[in-house]
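Observations on chain architecture
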Amino acid sequence: MLPYPLLSASLVIMWLALNGFTLGHLILGCIVSVFASWGMAALRPVKPHLPKWYLLPKLIGIVLYDILRSNLAVASILITGGRRKHKSGFITVPLDLENPTALAVLAVVITSTPGTAWLEYNSLSKTVLIHVLDLVDEAEWQVLIKTRYEALLMEIFK
């Protein structure tokens, strides 16, 4: 049984469109599509459990506000150029968050905020490496991420 029959059929059609229709390509395309479908099934994440889904609008509001604020801050840095000293750097933030979906959401939030980028998550030490364009105080960034985002995500994905 194929977990994604539409994907398999689409892959076979695409395979034949790219390689031309022959019996050999039809058989090879079917084999490739079956393995691709199984691979997709193995990658399929578990359905997230959101007991406090009503907190999502609060998170979205916070993130949109932070994106707007960060856009203005990055624009200010770019416009002023070298007149104001700014230091970019890397920070490591220890996380208590373990839910894979919540970690993915946190990665999207951090990366979508201008001036920051999620670089690496270490599951053994439960830390995330983040690049910050205008790094003034590392401890302030750690507190910001833990209290503003992580705490709310832990509540949403309990």
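The following paragraphs examine the structure supplied in this document. Computed from a prediction, not measured in an experiment: that's the story for all the values here. (Residues numbered from 1 in each chain as written. Predicted model: local features only at pLDDT ≥ 70, side-chain atom pairs only at ≥ 80, totals over all residues. Heavy atoms only, no water.)

1. Considering a nonpolar patch on the surface
Definition in use: To count toward a patch, a residue needs a relative accessible area over 30% and no salt bridge; like charges are then connected within 9 Å, while nonpolar side chains (Val, Leu, Ile, Met, Phe, Trp, Tyr) are connected within 5 Å. Only the protein chains shown count as cover for residues, and all accessible areas are computed by the Shrake-Rupley method using a 1.4 Å probe. Counted as salt bridges are all cases of a side-chain nitrogen of Lys or Arg within 4 Å of a carboxyl oxygen of Asp or Glu. Where helices and strands are cited, they refer to DSSP runs of H or I of at least four residues and of E of at least two residues respectively, numbered from the N terminus. Burial classes follow relative accessibility: with a 1.4 Å probe on protein chains only, a residue under 20% of its type's maximum area counts as buried, one over 50% as exposed, and anything between as partly exposed.
On the surface, Leu 23, Ile 27, Ile 31, Phe 35 and Trp 38 cluster together to form a nonpolar patch covering roughly 560 Å² of accessible area. Relative to the assigned elements, Trp 38 resides in helix H2 (residues 23–43). Its relative accessible area of 46% is what places Trp 38 among the partly exposed residues.

2. A look at the sheet that holds strand S1 (residues 89–94)
What counts is decided by this rule: Note on pairing: two strands pair once DSSP finds at least 2 bridges between them. Helix axes are fitted to C-alpha atoms over the stretch in contact, other axes to C-alpha atoms as well, and angles between N-to-C directions run from 0 to 180 degrees. In what follows, residue pairs with any heavy atoms lying within 4.5 Å of each other are defined as contacts.
Pairing within the open sheet is antiparallel, and its three strands lie in the order S1-S3-S2. Each edge of the open sheet is held by one strand with a lone partner, namely S1 and strand S2 (116–122). Between one strand axis and the next, the sheet turns through 25° on average, direction left out of account. Direction of pairing for S2 relative to strand S3 (residues 127–132): antiparallel, over a ladder of six bridges. By the bridge assignment, Tyr 121 is partnered in S3 with Val 128. Against the sheet, helix H5 (residues 138–156) makes contact with S1, S2 and S3, and its axis sits at roughly 45° relative to S1, the strand it touches most.

3. Concerning the packing of helix H4 (residues 100–112) against H5
The criterion, for reference: Handedness of each helix crossing follows the sense of rotation of the near helix against the far helix: counterclockwise by less than a right angle gives left-handed, clockwise gives right-handed. Three residue categories are used. Nonpolar comprises Ala, Val, Leu, Ile, Met, Phe, Trp, Tyr, Cys and Pro, charged comprises Asp, Glu, Lys and Arg, and polar comprises the others, including Gly.
At a minimum axis distance of 10 Å, the contact between H4 and H5 shows a crossing angle of 145°. With respect to the hand of their crossing, H4 and H5 are arranged in right-handed fashion. Note on element contacts: H5 touches H4 through Ile 145, Tyr 149 and Leu 153, opposite Ala 102, Val 105, Leu 106, Val 109 and Ile 110. For the contact of H4 with H5, the residue count by class is eight nonpolar, no polar and no charged.

4. Comments concerning the nonpolar core
Short version of the rule: By convention a nonpolar core is built from buried Ala, Val, Leu, Ile, Met, Phe, Trp, Tyr and Cys residues, the set being connected through side-chain atoms within 4.5 Å.
Ranked by size, the top nonpolar core spans 26 residues in total, and within it Leu 106, Trp 118 and Ile 130 carry the most contacts. Here the element with the most residues in this core is H4; it accounts for six residues. Excluding anything up to four places from it in sequence, Leu 106 contacts Leu 95, Leu 97, Trp 118, Tyr 149 and Leu 153.

5. Examining the side chain of Ser 8
As for its position among the elements, Ser 8 is in helix H1 (residues 5–19). Beyond its immediate stretch of four places on either side in the chain, Ser 8 contacts Leu 2, Ser 33 and Ser 37.

6. Re unusual backbone geometry
The backbone phi angle of Lys 126 is positive, close to 55°, even though this residue is not glycine. Considering the arrangement of structural elements, one finds Lys 126 in the loop between S2 and S3. A residue is classified by how much of its surface remains accessible, and Lys 126, at 30% relative accessible area, is partly exposed.

7. Description of H4
Our working rule: In a helix, the anticipated span is given by 1.5 Å times the number of residues less one. Here the arc refers to the set of directions running from the helix axis out to each C-beta atom. Between N or O atoms, a polar contact is any pair within 3.5 Å; within protein, one atom must be a potential hydrogen donor and the other a potential acceptor, and residues adjacent in sequence are included only when both atoms are from side chains.
Along its 13 residues, H4 runs 18 Å from first to last C-alpha, staying within 8% of the 18 Å computed at 1.5 Å per residue. When we look at burial in H4, the residues that qualify are Ala 102, Leu 103, Leu 106, Ala 107, Val 109 and Ile 110. One face of H4 carries all of its buried residues, which in axial projection span an arc of 165°. Those residues of H4 that are exposed and aimed more than 90 degrees away from the buried face are Pro 100 and Val 108. On its buried side, H4 packs onto helix H3 (56–80), S2, S3 and H5. The opening residue of H4 is Asn 99, an N-cap whose side-chain oxygen sits 2.8 Å from the backbone nitrogen of Thr 101.

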